[in-house]
Amino acid sequence: MQISFTKNPNPGKMPPEDKLGFGSVFSDHMFVMDYTDEKKWHNARIVPYGPIEINPAASVLHYANEVFEGMKAYRWADDSIHLFRPMENAKRINISAERIGLPEIPTDIFVEAVREVVKVDKDWVPHSEGTSLYIRPFLFSLDPELALHGIHEAKFMIILSPSASYFAEGIKPVKIMLETEDVRAVRGGTGYTKCGGNYAASNRAGDRAMAKGYSQVLWLDGVHRKYIEEVGAMNVMFKIDGKVVTPSLENGSILGGITRKSCLEVLRSWGVPAEERLLSVDELIGAAESGKLEEAFGTGTAAVISPIGELFYNNKKYTVNGFKIGPVAQRLYDELTGIQWGKKPDPFGWTECV
Ligand SMILES: *Cc1c(COP(=O)(O)O)cnc(C)c1O
């Protein structure tokens, strides 16, 4: 693929690495590529990071035709920069695009675009322990008309944000509230896609949980409001009576996380029993009450593993593992972050040098 390059004449400055947050500072360049039905994907370019102009009638602003990805670039001790399973993100953005009616992006072009823009801004990959360059690819429709005639014009962009270690002060368990009113997704809906609309539908419950001191909600299925689905922006795993259990993806209402998939593959390689199945809230709360709920944790690119120290359900609080990270969560965290930062062997071949 031909990618043109316009160098940023006013490069920015990386903030001090101990002042990095998440997703608020952006690197000097961004990747942009346009789509029309006639020309297909064209005009791939790396240009200075900055605002874009958009027609007020552009359909994304009215009908939320948008999908995105989240991934990271990691700096290793020898200063080489690595991606983690980028082809998985390439495949997933197309699964999301297909559901929303957006044009798909050839997977090799997606990965090449990520590599090239990361290479241009490699100085923005921070050096400190646990920091990374967060990569946000996104794809949206531009058709300038309010009538619904399908999507014929779109844009694909990649922006880059140097990010702090998620657990700068050590791994801290989070408090999670089971959501019993709003639902995030239903069978046949868009729950399995990474689309902006899913997040719009989640805002209210998230805001309410936050107001009560909980960091995110744990969603129940939209039909029976009975089965555990996932946490706000993470998949969820529990260790119940010696086995790791995570909700299965069959229903189509849960995002197939790459961290989830990697955890399951690692657990199985260790011989730790790991089940993907329906898990009802009654079973979960029953396990918490009988002492069989040994661990609970979220999985996602941002935090990798986020231990859950407290569950709140029907006005009752359930503390998990004494509000401490459990041994399986810790071992998974060490293994995945060890592979990602090149500190441990990568037996699965998951990392790729850019
Ligand atoms: C991105 C995301 C996840 C985690 O996926 P990873 O590929 O592991 O980062 C889980 N749930 C939702 C809703 C998400 O958007």
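Details of the structure are given in the entry above.
Report follows, based on the coordinates. Since the model is a prediction, treat every value here as computed from it, not as a measurement.

### Remarks on helix 6 (residues 281-290)
Point 1. Taken together, the buried positions of helix 6 are occupied by Val281, Leu284, Ile285 and Ala287. With its buried residues spanning 155° around the axis, helix 6 presents them on a single face. Residues of helix 6 that are exposed and point more than 90 degrees away from the buried face comprise Asp282 and Glu289.
Point 2. Count one or two residues on from helix 6 and you reach glycine 291, which has phi positive near 85°.

### So, the packing of helix 5 (residues 258-270) against helix 7 (residues 327-340)
Point 1. Axis separation between helix 5 and helix 7 bottoms out at 11 Å; the angle between their running directions is 105°. If you check the angle between helix 5 and helix 7, you find them roughly perpendicular. Counted together, Thr259, Ser262, Cys263, Val266, Leu267 and Trp270 of helix 5 and Val328, Arg331, Leu332, Glu335 and Leu336 of helix 7 form the full contact between these two elements.
Point 2. Looking at side-chain class alone, the contact of helix 5 with helix 7 contains seven nonpolar, two polar and two charged residues.

### Re the nonpolar core
Point 1. Ranked by size, the top nonpolar core spans 34 residues in total, and within it Phe31, Phe110, Ile135, Leu139, Phe156 and Ile158 carry the most contacts.
Point 2. Listed by contribution, the elements that provide at least two residues to this core are strand 2 (29-36), strand 3 (40-48), strand 5 (71-75), strand 6 (81-84), helix 2 (86-100), helix 3 (107-120), strand 7 (132-141) and strand 8 (153-163).
Point 3. The leading source of residues in this core is helix 3, at seven residues.
Point 4. Counting residues in each nonpolar core, the second largest holds 25 residues, with Met237, Leu264, Val266 and Leu267 among its members.

### Re the environment of glutamate 289
Point 1. When you line up the elements, glutamate 289 lands in helix 6.
Point 2. For the pair glutamate 289 and threonine 319, spaced 30 residues apart in sequence, the C-alpha separation works out to 9.8 Å.

Each value, and the rule that gives it
Residues numbered from 1 in each chain as written. Predicted model: local features only at pLDDT ≥ 70, side-chain atom pairs only at ≥ 80, totals over all residues. Heavy atoms only, no water. Buried < 20%, exposed > 50% of the residue type's maximum accessible area, 1.4 Å probe, protein only. Helix = DSSP H or I, 4+ residues; strand = E, 2+ residues; numbered from the N terminus. Arc of directions from axis to C-beta. Axes fitted to C-alpha atoms, helices over the stretch in contact; angles between N-to-C directions. Parallel < 35°, antiparallel > 145°, perpendicular 65-115°, else oblique. Contact = heavy atoms within 4.5 Å. Nonpolar A, V, L, I, M, F, W, Y, C, P; charged D, E, K, R; others polar. Core = buried A, V, L, I, M, F, W, Y, C linked by side-chain atoms within 4.5 Å.

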